[in-house]
Amino acid sequence: MAQAQIQTKHGDSEDVENLTSTLPTREGWWRPLFLFQDHWLTPQTVKSTMLVQAQFQPRADDIILATYPKCGTTWLKALAFTIANRSQHTVTSCDHPVLTKHPHDLVPFLELPHRYLHPITELEALPSPRLLSTHIPCALLPSGVSALGSRVVYLCREPKDVLVSMWHYVNRARKDFYIDLDKAFEFFCEGVTFFGPFCDHCLGYWKQSLEEPERVLFLKYDELMANPTKHVKMLANFIGVPFTNEEESAGVVEEVVRLCSFENLKSLPANSTGVSDRIGGLPMENSSYFRSAKVGDWRNCLTEEMARKLDCIIEEKLKGSGLSF
């Protein structure tokens, strides 16, 4: 598919409209959403996802970090990069890449920046084993990811915290836009966000982790936050670079946790200053990816009634799956 001409400052293109003209549509957070393969997505995400499906060439040794937006993506990228590359970059090194580069620049997304603006061939140039990330729902990933045995690490988060984090993020990132919390809550309850309903997203990867536990590792943000050392070792084992006894005795695991801690990452100039466009036509402050990272932060924003309503919706959606929050 030919690369499209950019028509607006947000990266819209002439053929995006043609692509989505036959799809069901509805109101979204700040732009219309289109129903693509049972998922409500922005028109830009629809096209980017289609290009990923058609052009991305998975490799058997790929490691893909999958998350729903605002579920600890940035933290997971920092941890996975540090763990996977510690033979080349000593964790205690004063020039470690995590200290000088934003985690999103260390682990590229499959679908971002939008692939009709930045060809997916960029990923082909990366040496194996590749460390990649995605927000794409499990059902929309290229079939080769599963067929070739590419490993997937999925990180989910308590849905009320996801909603509040997403609400803050959107309003911080979009200087020309504001959505009030009541409207954001309504959309979230209806399953209207950017990458499909929250529960559908989680359940897709959850079921895959039950069917292929050697290929899909399912993690929970709250548990990772409560015991990072345990989960760092779990992550290292899963991606094939377990810590040696010598490393554990030397405190390397704890150094990984310290280096990638929210407090440390947020304080670094690479993450606290400057503006970058990692989406395509939507520059954002690097600091917009770091707010509080607190478990239970939803209590500062949601009423008890809102919390009960969302809990009931999530419980009903997850009923019988074995997954709970």
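Predicted model only: the values in this text are computed from it and were never measured.

Chemist: Tell me about helix α13 (residues 252-259), and please be specific about residues and values.
Modeler: One turn of an α-helix holds 3.6 residues; hence residues three or four places apart share an orientation. Along α13, the positions that sit buried rather than exposed are Val 252, Val 253, Val 256, Val 257 and Leu 259. On the buried face of α13, the contacting elements are α3 (73-84), α4 (97-100), α11 (228-238), α12 (245-249) and α14 (262-267).

Chemist: Pulling in residues and values, what's your account of the side chain of Gln 208?
Modeler: Among the structural elements, Gln 208 can be located in helix α9 (residues 198-211). When near neighbours in sequence (up to four residues on either side) are disregarded, Gln 208 contacts Cys 138, Ser 146, Pro 213, Arg 215 and Val 216.

Chemist: Describe the pairing of strand β2 (residues 33-36), with residues and values.
Modeler: Pairing between strand β1 (residues 25-26) and β2: two bridges, direction antiparallel. Counterpart to Arg 26 in the pairing with β2 is Leu 33. Remark: six residues form the turn of the hairpin made by β1 and β2, two consecutive strands paired antiparallel. The pairing of β2 with strand β3 (residues 39-41) spans three bridges and is antiparallel. Following the sheet pairing, Phe 36 is matched in β3 by His 39.

Chemist: Describe the sheet that holds β1, listing the residues and the values that go with them.
Modeler: The strand order across the open sheet built from three strands is β1-β2-β3, with neighbouring strands paired in antiparallel fashion. Whereas interior strands pair on both sides, the edge strands pair on one side only; in this sheet they are β1 and β3. Along the sheet, helix α2 (residues 43-55) makes contact with β2 and β3, crossing β2 at roughly 30°.

Chemist: How would you summarise the environment of Ile 313 if you had to cite specific residues and measurements?
Modeler: If you trace the backbone, Ile 313 turns up in helix α16 (residues 304-318). For Ile 313 and Pro 137, which are 176 residues apart along the polypeptide, the C-alpha to C-alpha distance reads 20 Å.

Chemist: Give me the lowdown on the layout of surface pockets, citing residues and values where you can.
Modeler: A volume near 410 Å³ is recorded for the second largest pocket. Asn 85, Pro 127, Pro 129, Arg 130 and Leu 131 are the residues nearest the centre of the second largest pocket, which is lined by 18 residues in total. Breaking the lining of the second largest pocket down by element, the ones donating at least two residues are α3 and α5 (103-106).

So, how was this worked out
Residues numbered from 1 in each chain as written. Predicted model: local features only at pLDDT ≥ 70, side-chain atom pairs only at ≥ 80, totals over all residues. Heavy atoms only, no water. Buried < 20%, exposed > 50% of the residue type's maximum accessible area, 1.4 Å probe, protein only. Helix = DSSP H or I, 4+ residues; strand = E, 2+ residues; numbered from the N terminus. Contact = heavy atoms within 4.5 Å. Pairing = 2+ DSSP bridges. Axes fitted to C-alpha atoms, helices over the stretch in contact; angles between N-to-C directions. 1 Å grid on protein atoms, 1.4 Å probe; cavity = no way out; pocket = protein on both sides within 12 Å on 5 of 7 lines; lining within 4 Å. Points joined across faces, edges and corners; volume = space filled by probe spheres on them.

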